[in-house]
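Here's the letter readout for the chains.
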Amino acid sequence: MEQPTPDVADWTWVLDRPCPDCGYVATDFDRIELGGKIRANAASWRQLLGMGDIVTVRPPVPAGASPVWSALEYGAHVRDVHQLYRERFELMLKQDGAAFANWNQDETAIESAYHRDDPAAVAYALAVKAGQLADLLDRLNADEWERTGHRSDGASFTVESMGRYLLHDVVHHVWDVRKGYEAITAESA
Ligand SMILES: [Zn+2]
């Protein structure tokens, strides 16, 4: 099965300016709202992954363009994003200036065979992982929000900025899936 082209773009700009695609603004809410927003996003995924056969369909793309993930594949990715970021937050809380290993999300998708996952199981696991991460954020004190870490590409984060960065990722993918559903529906109409 042909896989999407790896997304190597650096998305850290989204902490400074609104996302022109999904409309996310990283700075227009208080950090204590992050946990609740992550839970609300997980509820959107439960709805999107409960829509029947369309969840396994990849949207149509122009000839020669790279394939786009199905809702199921995006959902499995978001499940793993929540797991990965919870591990990163735990590391930041334990170590000063924690260093994160690189994560190639497209290789993970291929190795984990996201397209063969069960949509209901993915929706459930996504909600569990999102809830665990939200619980961790809900319990942070003022010092913990300011703890730091950095990626292997040199980008530096605090717990707070990484939380705002992570929320964009999962919000943006809801936008991706809704756009994909529109394209699939338009093609079959
Ligand atoms: Zn976005």
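Please refer to the structure higher up on the page.
Now for a description of the structure that goes with this document. Not measured: the values here are computed from a predicted model.

## Comments concerning the sheet that holds strand β3 (residues 156-158)
Here's step 1: Ordered by their spatial adjacency, 3 strands build an open sheet running β1-β2-β3, and the pairing between neighbours is mixed. This sheet does not close on itself; its edge strands, each paired only once, are β1 (98-99) and β3.
Here's step 2: With 3 bridges joining them, strand β2 (residues 148-150) and β3 adopt antiparallel strand pairing. By the bridge assignment, Gly-149 is partnered in β3 with Phe-157.
Here's step 3: Contacts between helix α2 (residues 71-94) and the sheet are confined to β1 and β2, with β2 contributing the most and set at about 125 degrees to the helix.

## Remarks on the nonpolar core
Here's step 1: If you look at the biggest cluster of nonpolar residues, it comprises 35 residues, and the most contacted ones within it are Ile-38, Trp-45, Leu-49, Ala-71, Leu-72 and Leu-126.
Here's step 2: Elements represented by at least two residues in this core include exactly α1 (34-48), α2, α4 (119-138) and α6 (159-188).
Here's step 3: Looking at which element gives the most residues to this core, the answer is α2, with 9 residues.
Here's step 4: If we skip the residues at most four places from it in the chain, Trp-45 touches Gly-75, Val-78, Ala-123 and Leu-126.

## Some remarks on the packing of α1 against α4
Between two packed helices, both the angle of their axes relative to each other and the distance between the axes serve to describe the pair.
Here's step 1: Two elements in contact, α1 and α4, have axes separated by 8 Å at closest approach and are oriented at 175 degrees. When the axes of α1 and α4 are compared, the pair comes out roughly antiparallel. Mapping the contact onto sequence places Leu-34, Gly-35, Ile-38, Arg-39, Asn-41, Ala-42, Trp-45 and Arg-46 in α1 and Ala-123, Leu-126, Ala-127, Ala-130, Gly-131, Leu-133, Ala-134, Leu-137 and Asp-138 in α4.
Here's step 2: When grouped by side-chain class, the residues that make up the contact of α1 with α4 number 11 nonpolar, 3 polar and 3 charged.

Scoring rules and cut-offs
Residues numbered from 1 in each chain as written. Predicted model: local features only at pLDDT ≥ 70, side-chain atom pairs only at ≥ 80, totals over all residues. Pairing = 2+ DSSP bridges. Helix = DSSP H or I, 4+ residues; strand = E, 2+ residues; numbered from the N terminus. Contact = placed C-beta atoms within 7 Å. Axes fitted to C-alpha atoms, helices over the stretch in contact; angles between N-to-C directions. Core = buried A, V, L, I, M, F, W, Y, C linked by C-beta atoms within 7 Å. Buried ≥ 20, exposed ≤ 12 C-beta atoms within 10 Å, placed from the backbone. Parallel < 35°, antiparallel > 145°, perpendicular 65-115°, else oblique. Nonpolar A, V, L, I, M, F, W, Y, C, P; charged D, E, K, R; others polar.

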